[in-house]
Amino acid sequence: MLGLALFTAVPIGMSLVMSFYSWPIIGERSVRGVGNYVDLLTSPQFRRVVLNTVLFTVLYLPLNLLVSLGIALWVASVRRGRQALRVIFFIPVVTPIVANVLVWRMIYTPGGALDGLAQSAGVDAPNFLGDPRWAMASLVLMSVWQGFGYNMLVFSAALDGIPASINEAASLDGVSAWSRLRHITLPMISPSMFFASTMTLITTFQVFAQPYLLTGGGPGVATETLVLFVYRQGFASFALGSAAAAAWVLFALILLVTAVQFAGQKKWVNYDV
């Protein structure tokens, strides 16, 4: 309880207090009330950052879940080497993010792997990290590769928990593979899907390392996310009050979206199958 209070409760309370102040690292502090929040909500840059974060989430979340579920279903159908495949697909999750980014920068950069493939086909590859039209898609692709392994393990564990006799009985009754997936497999792993989607959504809104290391939030502010904005406000501009206010706006967004998810789970999550 002492550790929770010192390293969690007190910093959270302090950040809330700081969000109502003009709080430089060095200098006099002054009360601003809701001024920091008003400045943020009326700032075109902040609105663009929020839009970037929402766009990243909208692109990343379904791709992550589809790739994770697809690979989990394929691995579950493999007779030999199943555990080895799971380890291989999980490696990007535990590999240091800096190493992952260095590899992907060599893939994306002009003269890199993708550019070489395009040149061999007689076409010019776009500047994936320097073109605002491609930067977000490149960031999402790298992030999906780096993060799908966790949900793949979650879905694999759920699939292993389905009794084989159920699918065997349905197959003997002439039920097609698609119908078994839709009416048996997905309903039975829906609690795991809800858990994976909720946790992935929360972490996606908090994405920081990928845009910071891969694109630096650029070009311009094309890939700058909310947490990267908080970091720059607090540790580049030294405006701790504004950074704290942005962090609480992020908290409110995550709380709202998570509440919507919990409210909607009754329509598709089955705990009694």
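Predicted, not measured: the structure shown is a model, and the values here were computed from it.

Colleague: What exactly am I supposed to notice about the layout of surface pockets here?
Modeller: Empty space among the atoms can be located by rolling a probe the size of a water molecule over them. Put simply, the largest pocket is a space of about 550 Å³. Counting residues per element, the ones that place at least two in the lining of the largest pocket are helix 3 (44–77), helix 7 (132–160), helix 8 (164–172) and helix 9 (177–188). Counting residues per element, the lining of the largest pocket draws most heavily on helix 9, which supplies 4 residues. Residue composition of the lining of the largest pocket, by class: 9 nonpolar, 3 polar and 5 charged. Taken as a whole, the second largest pocket holds about 360 Å³ of empty space. If you trace the second largest pocket, you find 19 residues lining it, with Tyr60, Gln146, Gly147, Thr200 and Thr203 closest to the centre.

Colleague: Can you help me understand the packing of aromatic side chains in this one?
Modeller: Remark: the centre distance and the inter-plane angle together describe each pair of aromatic rings, the angle taken between the planes. Scanning all chains against the criterion turns up 17 aromatic pairs. Judged by centre distance (5.1 Å) and plane angle (15 degrees), the rings of Phe208 and Tyr212 are stacked.

Colleague: Which parts of the structure should I look at to understand helix 12 (residues 226–235)?
Modeller: One full turn of an α-helix is made of 3.6 residues, so residues set three or four places apart face in the same direction. Among the residues making up helix 12, those that are buried are Leu226, Leu228, Phe229, Val230, Gln233 and Gly234. Those residues of helix 12 that are buried are in contact with helix 2 (35–41), helix 3, helix 11 (209–215) and helix 13 (240–264).

Colleague: Hey, could you run me through the nonpolar core in this one?
Modeller: Within soluble globular proteins, side chains that are nonpolar tend to cluster in buried spots. Core analysis: the largest hydrophobic core is formed by 17 residues, its most contacted members being Leu40, Phe46, Phe205, Leu226, Phe229, Ala246 and Leu250. Within the residue set of this core, elements represented by two or more residues are helix 2, helix 3, helix 10 (190–205), helix 12 and helix 13. At 6 residues, the largest contribution of residues to this core is made by helix 13. In this view, Leu250 contacts Phe205, Leu226 and Val227; residues no more than four positions away in its chain are not counted.

Colleague: For this particular structure, what's the right way to read the confidence of the model for the chain?
Modeller: When pLDDT is low, close inspection of the predicted coordinates is not appropriate. On average, residues of the chain carry a pLDDT of 91, and 100% of them reach 70 or more. The spread of mean pLDDT over the elements of the chain runs between helix 8, the lowest at 85, and helix 3, the highest at 95.

Colleague: Just to check I follow, could you spell out the pattern of salt bridges for this structure?
Modeller: Charged atoms that come close allow side chains of opposite charge to pair. In the structure shown here, the tally under the stated rule is 5 salt bridges. For Arg86, the salt bridge is made with Asp160, and the minimal N-O distance between the two is 2.9 Å. You can see Arg86 sitting in helix 4 (residues 82–94) and its partner Asp160 sitting in helix 7, a full 74 residues away along the chain. The exposure class assigned to Asp160 is partly exposed, which follows from its relative accessible area of 41%. Put simply, Asp131 and Arg133 hold a salt bridge, and the shortest N to O gap is 2.9 Å. The exposure class assigned to Arg133 is exposed, which follows from its relative accessible area of 70%. Put simply, Arg82, Arg86 and Asp160 are held in one network by salt bridges that share partners.

Colleague: What is the right way to read a nonpolar patch on the surface from this model?
Modeller: Taken together, the side chains of Leu16, Phe20, Val34 and Val38 define a hydrophobic patch exposed on the protein surface, amounting to about 310 Å² of accessible area. Tracing the backbone through its elements, the reader meets Leu16 in helix 1 (residues 2–18).

Colleague: Please clarify how helix 13 should be interpreted in this entry.
Modeller: Along its 25 residues, helix 13 runs 36 Å from first to last C-alpha, staying within 8% of the 36 Å computed at 1.5 Å per residue. What helix 13 keeps buried is the set Leu240, Gly241, Ser242, Ala243, Ala244, Ala245, Ala246, Val249, Leu250, Ile254, Thr258 and Gln261. On its buried face, helix 13 is in contact with helix 1, strand 1 (21–22), helix 2, helix 3, helix 10 and helix 12.

Rules of the game
Residues numbered from 1 in each chain as written. Predicted model: local features only at pLDDT ≥ 70, side-chain atom pairs only at ≥ 80, totals over all residues. Heavy atoms only, no water. 1 Å grid on protein atoms, 1.4 Å probe; cavity = no way out; pocket = protein on both sides within 12 Å on 5 of 7 lines; lining within 4 Å. Points joined across faces, edges and corners; volume = space filled by probe spheres on them. Helix = DSSP H or I, 4+ residues; strand = E, 2+ residues; numbered from the N terminus. Nonpolar A, V, L, I, M, F, W, Y, C, P; charged D, E, K, R; others polar. Phe/Tyr/Trp six-rings, centres within 6.5 Å; stacked < 30°, edge-to-face > 60°. Buried < 20%, exposed > 50% of the residue type's maximum accessible area, 1.4 Å probe, protein only. Contact = heavy atoms within 4.5 Å. Core = buried A, V, L, I, M, F, W, Y, C linked by side-chain atoms within 4.5 Å. pLDDT = per-residue confidence, 0-100. Salt bridge = Lys/Arg side-chain N within 4 Å of Asp/Glu carboxyl O. Patch = residues over 30% accessible without salt bridge, like charges linked within 9 Å, V, L, I, M, F, W, Y side chains within 5 Å. Areas by Shrake-Rupley, 256 points an atom, 1.4 Å probe, with all protein chains shown as cover. Expected span 1.5 Å × (residues − 1).

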